[in-house]
Every structure is written in structure tokens, then in C-alpha cells.
Amino acid sequence: MATMKKYHYTSNSSICLSLTLLSIVSLSFFFFFFFFFITANKNPTSSASSDHQLRIQTSNPNSIKVYVADLPRSYNYGLIDQYWASTSPDSRLPSDPDHQTPHPHPPNRYPENPLIKQYSAEYWIMGDLETPQNLRTNSFAKRVFDANEADVVFVPFFATLSAEMELAKAKQKNMFRKKGDGNEDYKRQKEVIDFVINSDPWKRSGGRDHVFVLTDPVAMWHVRSQIAPAILLVVDFGGWYRLDSKSSNGNSSEMIQHTQVSLLKDVIVPYTHLLPRLYLSDNKKRQNLLYFKGAKHRHRGGVVREKLWDLLVNEAGVIVEEGFPNATGREQSIKGMRSSEFCLHPAGDTPTSCRLFDAIQSLCIPVIVSDNIELPFEGMVDYFEFSVFVALRDALTPNWLVRHLRSFSGEQKDKFRHRMAEIQPIFVYENNHPGGIGPILPDGAVNHIWKKVHQKLPMIKEAIVRAKRKPPGVSIPLRCHCT
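Residues numbered from 1 in each chain as written. Predicted model: local features only at pLDDT ≥ 70, side-chain atom pairs only at ≥ 80, totals over all residues. Heavy atoms only, no water.

K.L.:
I'd like to hear about helix α7 (residues 184–197), residue by residue, with values.
P.N.:
Across its 14 residues, α7 extends 20 Å between first and last C-alpha, which sits within 8% of the 20 Å expected from 1.5 Å per residue. Residues of α7 that are buried include every one of D185, Y186, R188, Q189, V192, I193 and V196, and no others. Angularly, the buried residues of α7 cover 160 degrees about the axis, an arc narrow enough to put them on a single face. On its buried side, α7 packs onto α3 (77–85), α6 (159–169), α8 (200–205), β4 (210–213) and α9 (224–227). (Helix = DSSP H or I, 4+ residues; strand = E, 2+ residues; numbered from the N terminus. Expected span 1.5 Å × (residues − 1). Buried < 20%, exposed > 50% of the residue type's maximum accessible area, 1.4 Å probe, protein only. Arc of directions from axis to C-beta. Contact = heavy atoms within 4.5 Å.)

K.L.:
Give me the lowdown on the sheet that holds strand β13 (residues 388–390), citing residues and values where you can.
P.N.:
Spatially, five strands are ordered β10-β9-β11-β12-β13 in an open sheet, and the strand pairing comes out parallel. Looking at which strands have only one partner, the edges of the open sheet turn out to be β10 (318–321) and β13. Put simply, the sheet's adjacent strands are angled 20 degrees from each other on average, direction ignored. Across three bridges, strand β12 (residues 365–369) lies against β13 in parallel orientation. When the sheet's bridge partners are listed, I368 is paired in β13 with F389. (Pairing = 2+ DSSP bridges. Axes fitted to C-alpha atoms, helices over the stretch in contact; angles between N-to-C directions.)

K.L.:
Tell me about the sheet that holds strand β8 (residues 267–268), residues and numbers included.
P.N.:
Pairing is parallel across the open sheet formed by six strands, whose spatial order is β2-β1-β3-β4-β5-β8. Two strands in the sheet have a free side with no partner beyond their single neighbour: β2 (141–144) and β8. Looking at chain direction, strand β1 (residues 64–68) and strand β3 (residues 152–154) are connected through three bridges and run parallel. Bridged to Y67 within β3 is V153.

K.L.:
Requested: an account of the pattern of salt bridges, with residues and values cited.
P.N.:
With the rule as written, the count across this model stands at 17 salt bridges. E112 is paired through a salt bridge with K117; the nearest N and O atoms lie 3.2 Å apart. A salt bridge links R330 to E331; the shortest N-O distance between them is 3.4 Å. Classification of E331 as partly exposed rests on a relative accessible area of 48%. (Salt bridge = Lys/Arg side-chain N within 4 Å of Asp/Glu carboxyl O.)

K.L.:
Could you give an account of helix α16 (residues 445–468), with specific residues and numbers?
P.N.:
The end-to-end C-alpha separation of α16 is 34 Å, in line with the 34 Å expected for 24 residues at 1.5 Å each. Along its length, α16 shows its largest kink, about 40 degrees, at L457, and proline P458 lies within four residues downstream of that point. (Bend = angle between axes of the 7 residues up to and from the residue.)

K.L.:
I'd love a proper account of the nonpolar core, names of residues and values included.
P.N.:
V152, F154, F212, L233, L290, V367 and W450 are the most contacted members of the largest nonpolar core, which totals 103 residues. Among residues more than four places away in sequence, those in contact with V152 are I64, K65, V66, Y67, D209, V211, I231, W450, V453, L457 and I460. The next biggest cluster of nonpolar side chains, apart from the first, holds seven residues, and it includes L275, Y291, M337 and C364. (Core = buried A, V, L, I, M, F, W, Y, C linked by side-chain atoms within 4.5 Å.)

K.L.:
I'd love a proper account of the packing of α3 against α6, names of residues and values included.
P.N.:
Packed helices, taken two at a time, are described by their axes: the angle between them and the distance between them. Contact geometry for α3 and α6: axes closest at 9 Å, N-to-C directions at 25 degrees. Viewed along their axes, α3 and α6 adopt a mutual orientation that is roughly parallel. As α3 packs across α6, the resulting crossing turns out to be left-handed. The segment α3 lies against α6, with L79, I80, Q82 and Y83 engaging L161, S162 and M165. Its residues assigned to classes, the contact of α3 with α6 comprises five nonpolar, two polar and no charged. (Parallel < 35°, antiparallel > 145°, perpendicular 65-115°, else oblique. Left-handed = near helix turned anticlockwise from the far one by under 90°. Nonpolar A, V, L, I, M, F, W, Y, C, P; charged D, E, K, R; others polar.)

K.L.:
I'd like to hear about the packing of aromatic side chains, residue by residue, with values.
P.N.:
Inspection of every chain in the model, using the stated rule, returns 16 aromatic pairs. Plain terms: the ring middles of Y75 and F157 are 6.1 Å apart, the flat faces sit at 80 degrees to each other, and that makes the pair edge-to-face. Here Y75, found in the loop between β1 and α3, pairs with F157, found in the loop between β3 and α6; they are 82 residues apart in sequence, far enough to count as distant. Judged on exposure class, the residue Y75 and its partner F157 are both buried. Their ring planes at 75 degrees and their centres at 6.4 Å tell us that Y110 and F158 sit as a pair that is edge-to-face. On the criterion of sequence distance, the pair formed by Y110 in the loop between α3 and α4 (114–117) and F158 in the loop between β3 and α6 is long-range, its members being 48 residues apart. (Phe/Tyr/Trp six-rings, centres within 6.5 Å; stacked < 30°, edge-to-face > 60°.)

K.L.:
Explain the confidence of the model for the protein chain to me, using residue names and the numbers behind them.
P.N.:
Chain-level pLDDT for the protein chain is 82 on average; 77% of the residues reach the 70-or-more range. Scored below 50 in pLDDT, residues 242–256 shows 23 contacts in the model against residues more than four places distant or in partner chains. (pLDDT = per-residue confidence, 0-100.)

K.L.:
Which residues make up the side chain of E122, and what are the values?
P.N.:
Along the chain, E122 falls in helix α5 (residues 121–130). R188 is the oppositely charged side chain nearest to the buried, salt-bridge-free E122, at an N-O distance of 10 Å. Other than its neighbours up to four places away in sequence, E122 contacts Y110, F157, F158, A159, T160, L161 and V213. (Lys, Arg positive; Asp, Glu negative; His and termini not counted.)

K.L.:
Let's hear about the environment of I197: which residues, and what values?
P.N.:
Within the element layout of this structure, I197 appears in helix α7. Setting aside its immediate chain neighbours within four residues, I197 contacts W202, K203 and Q226.

K.L.:
How would you explain the state of the cysteines if you had to name every residue and give the values?
P.N.:
Tallied over the full model, the rule gives one disulfide. Sulfur-sulfur distance for the disulfide between C343 and C364 comes to 2.1 Å. One quick way to see it: the torsion about the S-S bond of C343 and C364 is about 105 degrees, and its sign makes the bridge right-handed. Linking C343 in strand β11 (residues 340–346) with C364 in the loop between α12 (355–361) and β12, this pair joins segments that are 21 residues apart in sequence. Overall, the relative accessible area of 2% leaves C343 in the buried class. In this structure C364 comes out as buried when scored by relative accessible area, which is 0%. (Disulfide = S-S within 2.5 Å.)

Take a look at the structure:
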């Protein structure tokens, strides 16, 4: 019996010893890996640039971290103050709604002048970023206050407002394109560029992770080559076209300079619509087949508009009329779009215009006449589900367009309109808050813009890494060809 007790005691001791050793080994491994990861994450030799690249690579799919460059207020909201302080009406408008009579206006209110308002994306994007963090629960963009923590750097320059203020006062349009002390917009462009390219974030990435809003085709006109590496938010590539007769044996042809813009790095954004939204429940029977209101004579690709005009002006059920985006023209457009099945969208000075987004808000089926057009949020939105696309050759064939539009059944047109009603909010910027600062629509234009920028992050990271391994003194051409 005594022998058995001794054996039992010895066995218990062995088990306890084994468990103790196992616990020590487990704890050793735990502390080893714990301190390994802590050390790795706090490695003092890790550069801010490497951390930044890793963040881009592993960024949160549900948000994008945005740092706002520390530009003086005079380049954004200060420009709005300057605009309203002016007593001179826009020389391009027969009646300027912002300068008819002196009247008070809310702080930071963007111009109502339709020539400017249609390009107001810069204002709404900035307003979202300026909104207090506790009110930004709907925002896809998460503002950070350390550039090293950011996925992208937003440059808060109201480039469109700057350009339009200069155009509005120019007695001769070509004065805008001249460099000199008399051109205030040129001066602001140079000051912004000098500030940005000398900043540490720009030097770190070569500007590839910087975001500029250039909705006006002539915004940042004089410094485009310098901001070419950046992410450009544009309404289309029309303002970046140039005539190159050498490449076409003396015949003019439109070419995009791929050293500047590309769908690989840049984002097509919507114009701000000028007409109010029509809800599907308020839609009424439409008496007209096709509607268009605008200027007959345009430049570049807009020459097709004049030819279409002559083909359609006498067609039954078709309304084409000259018009200007003033108060009277606005009311006419509301009536015309809401009473027509289809709304014509030919090219003007550029391939797109706010007319397309007014048509969508009016539930008027867009008829897009173009062989080459860029549209906002493609990949998120399928325009073929609610629009009719027509080749230039077909549109300019006598009787073809009207016959084609009449071939759509009532069921097809209702399906187009139901789909339009579903995607209307995607193209809305306004948040109905004073000064544009406040919670945004969760499914609105601002969030969709940042989601498209977010899609570019892997390409941005790759471009930054490739540039870093470039041998000193070697120039690598900036090429971003894509279709």
C-alpha cells in the first residue's frame, strides 16, 4: 500500500512538472511574438513614405482617408466672398441673377449664375470635408489631419470659380488665356502650384496622390502640364482636346494628350444639374417625342449640333429651340423636358453638358449623340439601361433618328424611366445646408466621386513605387493610354 501511494505521488509530481514546463514554453512563445510584432510596427527606420504606400495598398474598402492641403482661405471660400463683393454683372449673361440689385446672401453661398453653378462640384466636395466629423457619418471620405495618414491629398482650390470670375469680366475672351498681372486667375493658379509642389506630400509622391477639381474645361488652364500626374476630377476630356493637323496629313483631328488625362487615374464627375428633380410618382403623360434647348452654333465637336438642328427643326413632335440658361430659359426647359419622351444630347463646345443631368432629373430619356464620350460613374452605373446611344453617322442620316425613337414601345420607355428614377440621387450634389457644409446624401454624387477615386488607389501606389526606383537623371514619359 505504501508503495502504491509513493508511486501515485511521483506520478502526480511528473504531471505537474510537465504542465508547468508547457505553460512556460507557451508564455515564451506568446511574449516572443508579441514583442516581435510590437517592434516591427514601431520600427524607427520605417519611413513615412513606406507607411503611406502600405496604407494605399491595404486601405479600408468602406472609406478613403483624405488630407486637405493647407491652402489659405482666399483660394476657396475667400473667392466666394470676393465674387459677392463685386458689383459688376457677368458680361456673358443678358441678366445676371447674382448681380441684378444689391442683396444680402448667406455666408459661403456658391453663385447661382448658371454658367458657374453647373460646375459647382468643387464647392460640395469641400463642404463635405469641412463638415464636423460627428456629422459626417454618411461620408465615404474620412478626413485626416496628418498627410502621412492619408490615402490622397485634396487641394482645396476653387479653380472653376477662379476661372469663371476672370471670364465674366474679360471684355475679350482671349484675354483669359494670356499670362500677366492683369489676369487674376493666372496669378492664383501660379500661387497654388508654387504652394503645392513645394509641400512635403507632393515631393513624396510626385503629386500622384493629389486631387484637383477641374470641372470647368478651362480651369487651371495655364498650369495643366504641372498637375498632370495628379488625380483630376473633370466632367469630360473635351477641354483637354487639341487639334493636331500633323498627325492627320493636314486634316484636323481631335486627340487627347495622354500625358495629361486618362481614365486610369482621373475621374469623370457629373455636372451640377440646374433643373429640379421630378419624382416618378409626379410623372405625367408626355406629348412630345424629342426636345432640345440650347445654342445652335457651337465649336469643335459641336458643329454636329447645327446639322442635327436643320434635320429636326421641322419634324412633327420634335421641339428644338434657341435658349439661354437664364430664368426664362430655365422655366422653358422644365416644361419642355417634362413633356417630352426623349431629350437630345449632342456635343457642344465639349462632349457633355449639364443638359444630360437635367434630363435625368426630369425623367426625360437621354438621346446621346456621340462616337466618343466619357460619362460619370461608369462601372457603377450602366447608362444603356436608361439612355439611347446614337452614332453620329446615323444621327445625320435624314429621318433616321426620329424613326428610331418612334420604334421604342411604351413598355421600353417606362422601363427606362423607372431605372432613371432609381439612379437620380447619384447625380445630386446639394445637401440643403447653409454654405454647403453639413451631412451629405449617402448615395449622392460626392460619395460616388470618392468611391471612384478609391478605385484608383492601387494604380496610384504602383505609380509611386515605379517612380521611386527610377534611376537619377532618367526621364520616364508620362503615358496613360486606355480606352
